[in-house]
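Architecture at a glance
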Amino acid sequence: MPPNMADWLPEDHLVWFVLDVVDRLDTARFHAGRRTGGVGRQGYDPDMLLALLIYAYAVGERSSRRIERLCVDHVAFRVVCGQDGPDHSTIARFRAEHHEGFEDLFAQVLRLCSVAGMVKVGVVSIDGTKIAANASKSANRSHDWVREQAQRVAAEVVADADAVDAAEDAAAARRGRRGGSDDDLPPGMSTRASRAAGIAKAMAELDRQDAEHAEADAADRVDAARFLADIEDGSTRRGTMLAGVDPVLAHQARTRRIGRELDELDGVPGKKASTRRAGLKRLLRDAETGLAAAEALKEAGKVDMRGPRRRVRDRRAAQARRNGTLAHQVNTTDPDSRLMTEGSGGGSVQAYNAQIAVTDDHLILGVHVSQHANDMQCWDPALAAATAQATALGKRIELALADAGYFTEANLTTPGPDRLIAPGKNRDVIQGARENPSQPPPPDPSQEPATARDQMRHRLRDPENAERYKRRSATVEPVIAHLKDQTKLRRFARRGIQATTAELNLAAAVINLRRLHQTSLATG
């Protein structure tokens, strides 16, 4: 090897680019917790550790133990660490301690790309992908199991925990088993101390889920009360009853309203008033008949008072039971993760839903990690993340594109930039615009009974809008593939939603840096 490390690799090698970029970044966040002075060996330079992590992710190496070995026998890694490689504990600890630092890193890399004439935010595409959690599906447990274990842990005597664990390990060793792990417990739950920590996290997640469900049920009750008030003042059309509304109260409100209208017409002369009274009397008879039927059903216990959100939860629980899985569960290894369906094949994976917003020049503009299994509830936070980064760069998103997973009334009407959200598969959108093109203007909800969904269907039958929508699959989907292929982020190394968000920010920054490196090579 040449004596000068600068001669070890060609000038256009990625490692030199990474070192130059880190040298230009503001890394104060990574230096904030650095120990200076005191007894012992001087700590590693945070800039070196940051450059090491960036380069490692850029070449698809995320294991701290693997990175430690590469710092010994891989030329590029030896260059980054100056032949003084850190051990895996130092690397893992550095990655774990800088959640906010990696979010800031992502923003700074975007700024560098913008200075280089990149980051075209006029059109932004959003999509989600499942990334496996650092937890096994076998670690999922029912709510009852978690609470039972919490009671067991609380009842155990903490003082003899170490002695008991040592005895169990010794007995297991005599039986030829490694460690003292119980066959009926998930990984990380084998010792009393680890059980207590795991159960505490799981209980905290259960409390959070219970609070979330209670908030959803309260929202259902508010919606039901508003629906009854609308019936009372006549602003609700006749039709399907809102789920969760007491039908007896609804028919009583309708009866009172019709009675008031009849009282107002009492003694009013003229054919118009007479015709109106006759119609109201028919409506009153119908309402009274409906009231009697509702009272009979309620007395028989056949009235379903569950609100819309509760019914959705119960349907999902029933589906889970049909699939042979737990209806309500929590993962004792990573309580923040969720059991999700991956791909069209319907396979399940313990995962997070990673939302990626991508610019028209294939740069990641924003990321968001969600616990929701589908994309419907991820539109707002994903768009907000992208908008915040665009605003910080002094730019504005003109159009956002998304597939049918985001096609809801709420996502179509929420404030923000213009959007094209497909009502179905990409091929159906293109085929509809070609075979049944729409003529502007689209239906106006104030003039016709058209919903936001109807508006969007009409817009996407416009060949011009359909052509604009085609850019979605050509931008966000390749970048998600790069994220999983180049950085190997198919499974998070960290646990917890805060830690996985930090890791996703790091991986996204690396993808953008690779893009910037390729552009700099192409432009000279």
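These notes cover the structure that comes with them. (Residues numbered from 1 in each chain as written. Predicted model: local features only at pLDDT ≥ 70, side-chain atom pairs only at ≥ 80, totals over all residues. Heavy atoms only, no water.)

1. What to know about the side chain of threonine 475
Worth spelling out the cut-off: Comment: elements are numbered from the N terminus, with helices defined as DSSP H or I runs of at least four residues and strands as E runs of at least two. Exposed residues in this analysis have more than 50% of their type's maximum accessible area, buried residues have under 20%, and partly exposed residues fall in between, with area computed by a 1.4 Å probe over protein chains only. Counted as a polar contact is a pair of N or O atoms within 3.5 Å, where, for protein atoms, one must be capable of donating a hydrogen and the other of accepting one, and residues adjacent in sequence contribute only when both atoms are in side chains. Contact definition: two residues touch when any of their heavy atoms are within 4.5 Å.
The topology assignment puts threonine 475 in helix α19 (residues 471-486). Residue class for threonine 475 comes out buried when judged on its relative accessible area of 1%. Within the structure, threonine 475 has its side chain in polar contact with the backbone oxygen of arginine 471 (distance 3.0 Å). Apart from the residues within four sequence positions on either side, threonine 475 is in contact with Ser125, Val358, Thr359, Asp360 and His362.

2. Considerations on the packing of helix α1 (residues 14-24) against helix α20 (residues 497-523)
For clarity, the threshold we go by: In this analysis an axis means a line fitted to C-alpha atoms, helices contributing only their contacting stretch, and an angle means the value between N-to-C directions, from 0 to 180 degrees. Angular relationships are summarised with four words: roughly parallel below 35 degrees, roughly antiparallel beyond 145, roughly perpendicular across 65 to 115, and oblique for the angles in between. Here a crossing is taken to be left-handed if its near helix is turned anticlockwise relative to the far helix by less than a right angle, and right-handed if that turn runs clockwise. Asp, Glu, Lys and Arg are counted as charged, while Ala, Val, Leu, Ile, Met, Phe, Trp, Tyr, Cys and Pro are counted as nonpolar; the rest, among them Gly, fall into the polar class.
Two elements in contact, α1 and α20, have axes whose closest approach is 11 Å; the angle formed by their N-to-C orientations is 110 degrees. Taken as axis vectors, α1 and α20 run roughly perpendicular relative to one another. Crossing handedness for the pair α1 and α20: right-handed. Facing α1, whose interface residues are Leu14, Phe17 and Val21, α20 presents Leu513, Arg514, Leu516, His517 and Ser520. Residues of the contact of α1 with α20, tallied by class, amount to 5 nonpolar, 2 polar and 1 charged.

3. A closer look at the side chain of arginine 62
In this structure, arginine 62 sits in the loop between α3 (46-58) and α4 (64-73). Residue arginine 62 is classed as buried on the basis of its relative accessible area, which comes to 13%. Within the structure, arginine 62 has its side chain in polar contact with the backbone oxygen of lysine 488 (distance 3.2 Å).

4. Things to note about helix α7 (residues 99-115)
To keep things clear, this is the line we draw: By definition here, a helix of n residues has an expected span of 1.5 Å times n minus one.
Compared with the 24 Å implied by 1.5 Å per residue over 17 residues, the 25 Å span of α7 between its first and last C-alpha is a close match. Here α7 lies mainly inside the structure; 12 of its 17 residues are buried. Restricting attention to buried positions, one finds in α7 the residues His99, Gly101, Phe102, Leu105, Phe106, Ala107, Gln108, Val109, Leu110, Leu112, Cys113 and Ser114. Within two residues after α7, glycine 117 carries a phi angle of roughly 85 degrees, on the positive side.

5. Some words on the pattern of salt bridges
Using the following cut-off: Put simply, a salt bridge is a Lys or Arg side-chain nitrogen that is within 4 Å of an Asp or Glu carboxyl oxygen.
According to the stated counting rule, one finds 23 salt bridges in the structure shown. Note that glutamate 409 is salt-bridged to arginine 453, the shortest N-O span being 3.5 Å. One end of the pair, glutamate 409, is in helix α15 (residues 409-413); the other, arginine 453, is in helix α17 (residues 452-460), with 44 residues separating them in the sequence. Its salt-bridge partner being arginine 459, residue aspartate 418 comes within 3.0 Å of it at the nearest N-O pair. Placement of the pair is aspartate 418 in strand β8 (residues 418-421) and arginine 459 in helix α17, with a sequence separation of 41 residues. Salt bridges sharing partners connect three or more residues here, namely Asp127, Asp403, Arg472 and Glu477.

6. Quick look at the packing of α7 against α20
Put simply, α7 and α20 touch, their axes get as near as 8 Å, and they point 20 degrees apart. With respect to α20, the axis of α7 lies roughly parallel. Here the hand of the crossing between α7 and α20 comes out left-handed. On the side of α7, the interface is formed by His99, Phe102, Glu103, Leu105, Phe106, Val109, Leu110, Leu112 and Cys113, while α20 contributes Gln498, Ala499, Thr501, Ala502, Asn505, Leu506, Ala508, Ala509, Asn512, Leu513 and Leu516. Looking at the contact of α7 with α20, its residues break down into 14 nonpolar, 5 polar and 1 charged.

7. Details of the environment of alanine 243
Relative to the helices and strands, alanine 243 is located in the loop between α10 (192-233) and α11 (247-265). Residues alanine 243 and methionine 305, spaced 62 residues apart in sequence, show a C-alpha to C-alpha distance of 7.2 Å. In contact with alanine 243, not counting residues within four places along its chain, are Arg306, Gly307, Pro308 and Arg311.

8. Some thoughts on unusual backbone geometry
Not every positive phi belongs to a glycine, and valine 119 is a case in point at roughly 65 degrees. Residues other than glycine seldom take positive phi values, yet histidine 362 does so here, at roughly 65 degrees. Within the secondary structure layout, histidine 362 lies in the loop between β5 (347-359) and β6 (364-370).

9. Quick word on the packing of aromatic side chains
For clarity, the threshold we go by: Aromatic contacts are taken between Phe, Tyr and Trp rings whose centres are within 6.5 Å, Trp giving its six-membered ring; a plane angle under 30 degrees counts as stacked, one over 60 as edge-to-face, and the others as tilted.
Going through the model one piece at a time under the given rule, you end up with 5 aromatic pairs. Ring geometry for phenylalanine 30 against phenylalanine 94: centres 5.7 Å apart, planes inclined by 25 degrees, an arrangement best described as stacked. Of the two residues, phenylalanine 30 sits in helix α2 (residues 28-31) while phenylalanine 94 sits in helix α6 (residues 88-96), which places them 64 residues apart along the sequence. Accessibility expressed as a relative area gives 5% for phenylalanine 30, which makes it buried.

10. A look at the environment of proline 423
Within the element layout of this structure, proline 423 appears in the loop between β8 and α16 (426-435). Judged by relative accessible area, which is 34%, proline 423 ranks as partly exposed. Considering only alpha carbons, one finds proline 423 and alanine 402, 21 residues apart in sequence, at a separation of 9.8 Å. Not counting residues within four places of it along the chain, the set of residues in contact with proline 423 comprises Ala404, Phe407, Val429, Arg457 and Leu460.

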